[in-house]
Structures are given as structure tokens and as C-alpha cells.
Amino acid sequence: FETKADIYIINTCTVTNMSDRKSRQMLHKAKKQNPDAVVVATGCYVQTAVDKVKEDLAIDIIIGNNKKKEVVPILEEYFKENEKDFVIDINNTSEYEDLEISTVTEHTRDHMKIQDGCNQFCTYCMIPYVRGKGKLVSMPEDEVISHVESLAKQGYKEVVLTGIHLSSYGVDFSDALNFVSLEGKPLLAVISK
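To start, this report covers the structure provided alongside it. (Residues numbered from 1 in each chain as written. Predicted model: local features only at pLDDT ≥ 70, side-chain atom pairs only at ≥ 80, totals over all residues. Heavy atoms only, no water.)

### A closer look at the sheet that holds strand S3 (residues 61-63)
Here is step 1 of the chain: Read from one edge to the other, the open sheet built from four strands follows the order S1-S2-S3-S4, with strand pairing classed as parallel. In this open sheet, the two edge strands, each paired with only one partner strand, are strand S1 (7-12) and strand S4 (85-86).
Here is step 2 of the chain: By the bridge criterion, three bridges tie strand S2 (residues 38-43) to S3 in an arrangement that is parallel. Opposite Ala41, over in S3, you have Ile62 as the bridge partner.
Here is step 3 of the chain: Packing against the sheet, helix H4 (residues 71-81) makes contact with S1, S2, S3 and S4, and its axis sits at approximately 150 degrees to S3. (Pairing = 2+ DSSP bridges. Helix = DSSP H or I, 4+ residues; strand = E, 2+ residues; numbered from the N terminus. Contact = heavy atoms within 4.5 Å. Axes fitted to C-alpha atoms, helices over the stretch in contact; angles between N-to-C directions.)

Right, dumping it as C-alpha cells:
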């Protein structure tokens, strides 16, 4: 944070108590070194510790996991209305958050998230609680194909499909769509053109 900025956006983690602590330290360091800057906290720690984060004086804006793509309108609203809290109960939404990246540093490969959430509830893991309890959310197949076509037009030769629990892709749809069903779709043909 030696370089001064008007706004710092810290994407937090909550995998362990240590990651919670490091997230808080990073937020406090940003505000301490730049007291006039707007410090934005987003990510999994924010989603799990909403009340604690709301009371933290080092944080100006809190953004929940499913609102990250709205960071610019949220900042505009903050500067107009001084609104601070943009966290909703992630367990009561089945909306897929499409975080499309328009520019990447690699020129031949891109990564595309097509699935979010997990319903495995492993003892050590917080993902079901910060990405929606038992909420598996998938990008619709037509959007997957559309995104891949767009990337191919930009010159990408390879697209890496990602997700929290990728083998659960499509189980939130009523039809028999799943990750394996994407095989044989125009995805490979699109990239190989």
C-alpha cells in the first residue's frame, strides 16, 4: 500500500482462522497507510462475518460474494448516498454470478468459471456457507457456449472451465445437463476453428 490510491479493494478469504486474520490485517493496513482512501472488503470472510465486518472502522464498504461484479455501481452509490452494506443472504439466492474477464495477460488460454457452490459440507470446509448452503449454481449451457465463442473470436486457443465443485455442473437444472454433457457440444469445435 505504499503507492497511494483513492480506493483499495481487498478480496478476503475464510478457509482457516489464519486466513481470516490475514484478511483483517490487510484491511487494517490499507486504512492505516492511507486513511483518506476508501477501503472495500469483499469475499468469503465478509460473507461469514458480516456483523463483525460492519463494525470494523477500517472498512468503508462491504460487498458480499454474489455482488462482486457490481463493484463500480456500488462505489458510485457509496459516493452519492454513503451506503456501506452490500451483503445479502447468499443462501436465499440461486442466481449465477457471471464474472467475465474481458482482458487477460495470457494470449492463448483463458479461464472461465461455469459452476459455483458446493453441497458436500466437509467438516473442515467453509465453502457451502460462503457460497450458499447446498446451493449449486451453474452457468446455463447456452451462455457457456456463447462465452467460449466470444473467447475464440478474440484468438484464444484454449479455455479452462473452472468451478468450486465442477463435477456438480448442471445438477441445478431440471434437465439432464451435466459437465460430461458439455462434451460433444460445439465447445471444442469453436476453439479449434
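### Digging into the environment of Phe86
Here is step 1 of the chain: Structurally, Phe86 is set in strand S4.
Here is step 2 of the chain: Taking relative accessible area as the criterion, Phe86 reaches 12% and is therefore assigned buried.
Here is step 3 of the chain: Sequence separation of Phe86 and Ile63 is 23 residues, and the distance between their C-alpha atoms is 4.7 Å.
Here is step 4 of the chain: Setting aside residues up to four positions removed in sequence, Phe86 forms contacts with Ile61, Ile62, Ile63, Gly64, Lys67, Ile74 and Glu77. (Buried < 20%, exposed > 50% of the residue type's maximum accessible area, 1.4 Å probe, protein only.)

### Some points on the packing of aromatic side chains
Here is step 1 of the chain: Evaluated as defined, the whole model comprises two aromatic pairs.
Here is step 2 of the chain: On the numbers, 5.4 Å between centres and 70 degrees between planes, the contact of Tyr78 with Phe79 is edge-to-face. (Phe/Tyr/Trp six-rings, centres within 6.5 Å; stacked < 30°, edge-to-face > 60°.)

### What to know about the side chain of Ser19
Here is step 1 of the chain: Summarising the element assignment, Ser19 is placed in helix H1 (residues 17-33).
Here is step 2 of the chain: Taking the relative accessible area as the measure of exposure, Ser19 reaches 14% and is therefore buried.
Here is step 3 of the chain: In this view, Ser19 contacts Cys13 and Thr14; residues no more than four positions away in its chain are not counted.

### Focus: the pattern of salt bridges
Here is step 1 of the chain: What the rule picks out here adds up to five salt bridges.
Here is step 2 of the chain: For Asp60, the salt bridge is made with Lys31, and the minimal N-O distance between the two is 2.7 Å. With Asp60 in the loop between helix H3 (50-55) and S3 and Lys31 in helix H1, this pair connects stretches of sequence that are 29 residues apart. Judged on exposure class, the residue Asp60 and its partner Lys31 are both buried.
Here is step 3 of the chain: Put simply, Glu70 and Lys67 hold a salt bridge, and the shortest N to O gap is 3.8 Å. (Salt bridge = Lys/Arg side-chain N within 4 Å of Asp/Glu carboxyl O.)

### Topic: the nonpolar core
Here is step 1 of the chain: Grouped together as the largest cluster of nonpolar side chains are 15 residues, with contacts concentrated most on Leu27, Ala41, Val46, Val53, Ile59, Ile62 and Val87.
Here is step 2 of the chain: Looking at this core, the elements that each hand over two or more residues are S1, H1, S2, helix H2 (44-48) and H3.
Here is step 3 of the chain: Beyond its immediate stretch of four places on either side in the chain, Val53 contacts Tyr45, Val46, Ile59 and Ile62.
Here is step 4 of the chain: Counting ten residues, the second-largest nonpolar core is a separate cluster that includes Ile114, Met139, Tyr156 and Tyr169. (Core = buried A, V, L, I, M, F, W, Y, C linked by side-chain atoms within 4.5 Å.)

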